[in-house]
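Each chain, letter by letter, is given below.
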Amino acid sequence: MIMACLNVCNKGAVDGKVKRGQEVCTLDGTVDRHGRPAVRERTGTWVAGSLILVNQGLATLAFFGVGVNLVLFLTRVLGQDNADAANNVSKWTGTVYLFSLVGAFLSDSYWGRYKTCVIFQTIFVLGLVSLSLSTYLFLLKPSGCGNEQSLCGSHSGFHMALFYLSIYLIALGNGGYQPNIATFGADQFDEEDPNEGNSKIAFFSYFYLALNLGSLFSNTVLGFFEDEGIWALGFWASAGSASLALVLFLSGTPWYRHFKPRGNPLSRCCQVLVAATRKWKVDLTPREEDLFELEGNDQSSKNGDRKILHTQGFKFLDRAAIITSENIHKMDKENYNPWYLCTVSQVEELKCVLRLLPIWLCTILYSVVFTQMASLFVEQGAAMKTTLSGFHVPPASMSSFDILSVAAFIFIYRRVLEPLFAMGKRNGKGLTELQRMGIGLVIAILAMVAAGVVECFRLNNATTDCSNCEGSSSMSIFWQIPQYVLVGASEVFMYVGQLEFFNGQAPDGLKSFGSALCMTSISLGNYVSSLLVTIVMKISTRDDMPGWIPGNLNRGHLDLFFFLLAALTTADLMIYIVCAKWYKYIKFEGKNGDNIKACKQAEQLGVV
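Remember, predicted model here, so these are calculated numbers, not experimental data.

Focus on the overall build of the chain
In terms of regular secondary structure, the chain is built from 20 helices and 7 strands. The buried share of the chain, reckoned over its 608 residues, is 54%. Excluding contacts between residues fewer than 6 apart, the proportion of contacts in the chain whose partners are at least 24 apart in sequence is 80%. Entry remark: accessible area of the chain is about 26300 Å², with carbon and sulfur atoms responsible for 62%.

This is the structure:
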């Protein structure tokens, strides 16, 4: 115990604070870039957190500078038809979010979050530079093509291969980087310290705000240039923004706090399953004290810095931690085989993942609602009156109201609602993450109802037998503002709540995986939305009716589709409430509790 104190703190602990020399260290087990315990005053907090927020804003600007108008690039520059272009964009978008699992796995297992962010951001920059060069040198031929009036000519197989290599490098870089940067930013705040713990909660709100502000610039300024056919300038702007983001991230290296990677989480989960299966005939012990757990600093070397306390549920898995006579004969506590015997913390790590999955599945349908902003909301807006005093309002630019809503509601929640909800509570905290996610689902239902009502009124003011139905309704596009504002408000409760929930509830060795769950939810939401549209069209199409979502929206019933989404989200909310009530929060033992206790004992003995 005394040696553990000296190894971790060098100087022990005074008044419950871990010290290195005469400087106070963090209590959450973070280290500096040299692998020594992180000094509180010289690392982390908002100095490092602010750099990460700016990095996120610039990287998001760069990513959406490509993604927001990629479908137009495929049709105008590469000559693809609408269906092929839409499918290619869906595949690319889904791939971006699936790559988040790759980045999370490498980060949690081997590289750590800092190294993973640097590597994938570098790949991201290389992809953007390659896309900019290939567009400028090869794809915009003849010169001046690529706008709505002038389409480009055909391209060679080499040019097409270079283009797809570039955009999938962008997908790999952004996908692998995104789940780690959010978690790495949260790592800069010591959750064992009350003040820094509050800052850590606030960080996720500001992180999501930075993401939206970056996409706002892409949707407006860069979107305008690319819509006018100035593709090379737009792509070079994205490449420059991503390069600046990487430079800023690297500049903060001396101030960052780090968590060491914990090893392959897949093998740890498999060990629990194998050990529990081998003991399936063993009677479950009624006492938690009889379950195997390492003590003190031995635990940090095996499964992260914090022990996870035993919880009820999934009792079959508890068998993996039962010490049998066979275990005693084959091994001792210092050298045990995890394929036969696992610690309680290792068992609880798998339990935690199993408990998170139902909550995660309930968020996928919310992502279906969220994806409508980039598809059906835009199509609905295009069929409305898009002029104001002679100025044309691009339907896709209406998403700016969503971004402004996000910014406003983050401020409203942090400054007004959270203190209001915290009044009268002993812990001084407002709504839990699960409660906020539930509110997000409720607001999403209202957003779909609002969109359906607007569509009903749009149809009443539309020309049914038009040849080109863009702007065929006399109803102004600005009637869409309520549905965009409601979606933005729901994001603040749902997506910010998700980031906090999955980061806080994921075990120490799976923090990046927790953030990746948020991204894969959006990815699957895209796929489910596409599947749902296909099913609805097959069911609703008749000889005398072209379906709910035909090419001519004035002959369809887009309003019924929005109401269907509202009904499905309501059903999802009911299931979510059941899952949220069933969920058991993970319980950690303090990371440095044993070390501090050891240090105090050492002080009493006169050793430290």
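Quick notes on the confidence of the model for the chain
On average, residues of the chain score 82 in pLDDT, and 86% of them reach the 70 mark or higher. Throughout residues 297-304 the model reports pLDDT below 50, and contacts reaching past four residues in sequence, or to other chains, amount to 19 contacts.

Some details on the pattern of salt bridges
Taken as a whole and assessed by the stated rule, the structure comprises 13 salt bridges. Between Arg 113 and Asp 108 there is a salt bridge, with the nearest N and O atoms lying 3.4 Å from each other. Exposure class is identical for Arg 113 and Asp 108. Each is buried. As a salt-bridge pair, Lys 351 and Glu 348 come within 3.1 Å of each other at their nearest N and O atoms. Of this pair, Lys 351 and Glu 348 both sit in helix α13 (residues 344-371), 3 residues apart, which is roughly one turn of the helix. Take Lys 351 and Glu 348: they sit in the same class, and that class is buried. If you follow the salt bridges from partner to partner, you end up with Arg 40, Asp 190, Glu 196 and Arg 257 in one network.

Topic: the packing of helix α2 (residues 45-67) against helix α6 (residues 157-187)
Where α2 meets α6, the closest approach of the two axes is 11 Å, and the angle between their N-to-C directions is 155 degrees. Our classification of the angle between α2 and α6 gives roughly antiparallel. Once α2 is placed against α6, the crossing between them reads as left-handed. Along its contact with α2, which presents Ile 52, Asn 55, Gln 56, Ala 59, Phe 63 and Val 66, the element α6 presents Ile 170, Asn 174, Tyr 177, Gln 178, Ile 181, Phe 184 and Gly 185. Residue classes in the contact of α2 with α6 are distributed as 8 nonpolar, 5 polar and no charged.

Some remarks on the side chain of Gln 271
Within the fold, Gln 271 resides in helix α9 (residues 265-278). One polar contact links Gln 271 to Gln 346, side chain to side chain, over a distance of 2.8 Å. Gln 271 has contacts with Pro 338, Trp 339, Cys 342 and Gln 346, leaving out every residue within four places of it along the chain.

Points about the environment of Met 437
Structurally, Met 437 can be placed in helix α16 (residues 433-460). A relative accessible area of 0% means that Met 437 is categorised as buried. Spatially, the C-alpha atoms of Met 437 and Gly 497 are 5.7 Å apart, while their sequence positions differ by 60 residues.

Let's talk about the state of the cysteines
Across all of its chains, the model carries 1 disulfide by this definition. Between the sulfur atoms of Cys 145 and its disulfide mate Cys 152 the distance is 2.0 Å. A torsion of 90 degrees about the S-S bond marks the disulfide between Cys 145 and Cys 152 as right-handed. Summarising the burial analysis for this pair, Cys 145 and Cys 152 share the class buried.

What to know about the packing of aromatic side chains
This structure, assessed with the given rule, holds 33 aromatic pairs. Centroid distance Phe 163 to Tyr 164: 5.2 Å. Interplanar angle 70 degrees. Geometry classified as edge-to-face. Plain terms: the ring middles of Phe 189 and Phe 203 are 5.9 Å apart, the flat faces sit at 45 degrees to each other, and that makes the pair tilted. Taken together, the positions of Phe 189 in the loop between α6 and α7 (194-227) and Phe 203 in helix α7 put the pair 14 residues apart, joining distant regions of the chain. The structure contains a cluster of three or more aromatic residues connected by ring pairs, namely Trp 46, Phe 189, Phe 203, Phe 204, Tyr 206 and Phe 207.

So, the side chain of Gln 56
Here Gln 56 lies in helix α2. Classification of Gln 56 by relative accessible area gives buried; the value is 0%. Discounting chain neighbours no more than four positions away, the residues touching Gln 56 are Tyr 177, Gln 178, Ile 181, Phe 207, Ala 210 and Leu 211.

Regarding a nonpolar patch on the surface
Together, Val 449, Val 453, Phe 457, Leu 560 and Phe 563 line one region of the surface with nonpolar side chains, adding up to about 380 Å² of accessible area. Looking at the nonpolar patch, the elements that each hand over two or more residues are α16 and α19 (558-582). It is α16 that contributes the most residues to the nonpolar patch, 3 residues altogether. The residue Phe 457 is located in helix α16 in this model. Residue classification places Phe 457 among the partly exposed positions, given a relative accessible area of 47%.

Side note on unusual backbone geometry
For the peptide bond that leads from Lys 141 to Pro 142, omega is 0 degrees, which places it in the cis range. Among the structural elements, Pro 142 can be located in the loop between α5 (113-139) and α6. You will see that Thr 45, though not glycine, has its phi angle at about 55 degrees, which is positive. Look at Phe 314: it is not a glycine, yet its phi comes out positive at around 50 degrees. Its location among the elements puts Phe 314 in the loop between α10 (298-303) and α11 (315-318).

Cut-off values and rules
Residues numbered from 1 in each chain as written. Predicted model: local features only at pLDDT ≥ 70, side-chain atom pairs only at ≥ 80, totals over all residues. Heavy atoms only, no water. Helix = DSSP H or I, 4+ residues; strand = E, 2+ residues; numbered from the N terminus. Buried < 20%, exposed > 50% of the residue type's maximum accessible area, 1.4 Å probe, protein only. Contact = heavy atoms within 4.5 Å. Areas by Shrake-Rupley, 256 points an atom, 1.4 Å probe, with all protein chains shown as cover. pLDDT = per-residue confidence, 0-100. Salt bridge = Lys/Arg side-chain N within 4 Å of Asp/Glu carboxyl O. Axes fitted to C-alpha atoms, helices over the stretch in contact; angles between N-to-C directions. Parallel < 35°, antiparallel > 145°, perpendicular 65-115°, else oblique. Left-handed = near helix turned anticlockwise from the far one by under 90°. Nonpolar A, V, L, I, M, F, W, Y, C, P; charged D, E, K, R; others polar. Polar contact = N/O pair within 3.5 Å; in protein donor to acceptor, adjacent residues only side chain to side chain. Disulfide = S-S within 2.5 Å. Phe/Tyr/Trp six-rings, centres within 6.5 Å; stacked < 30°, edge-to-face > 60°. Patch = residues over 30% accessible without salt bridge, like charges linked within 9 Å, V, L, I, M, F, W, Y side chains within 5 Å.

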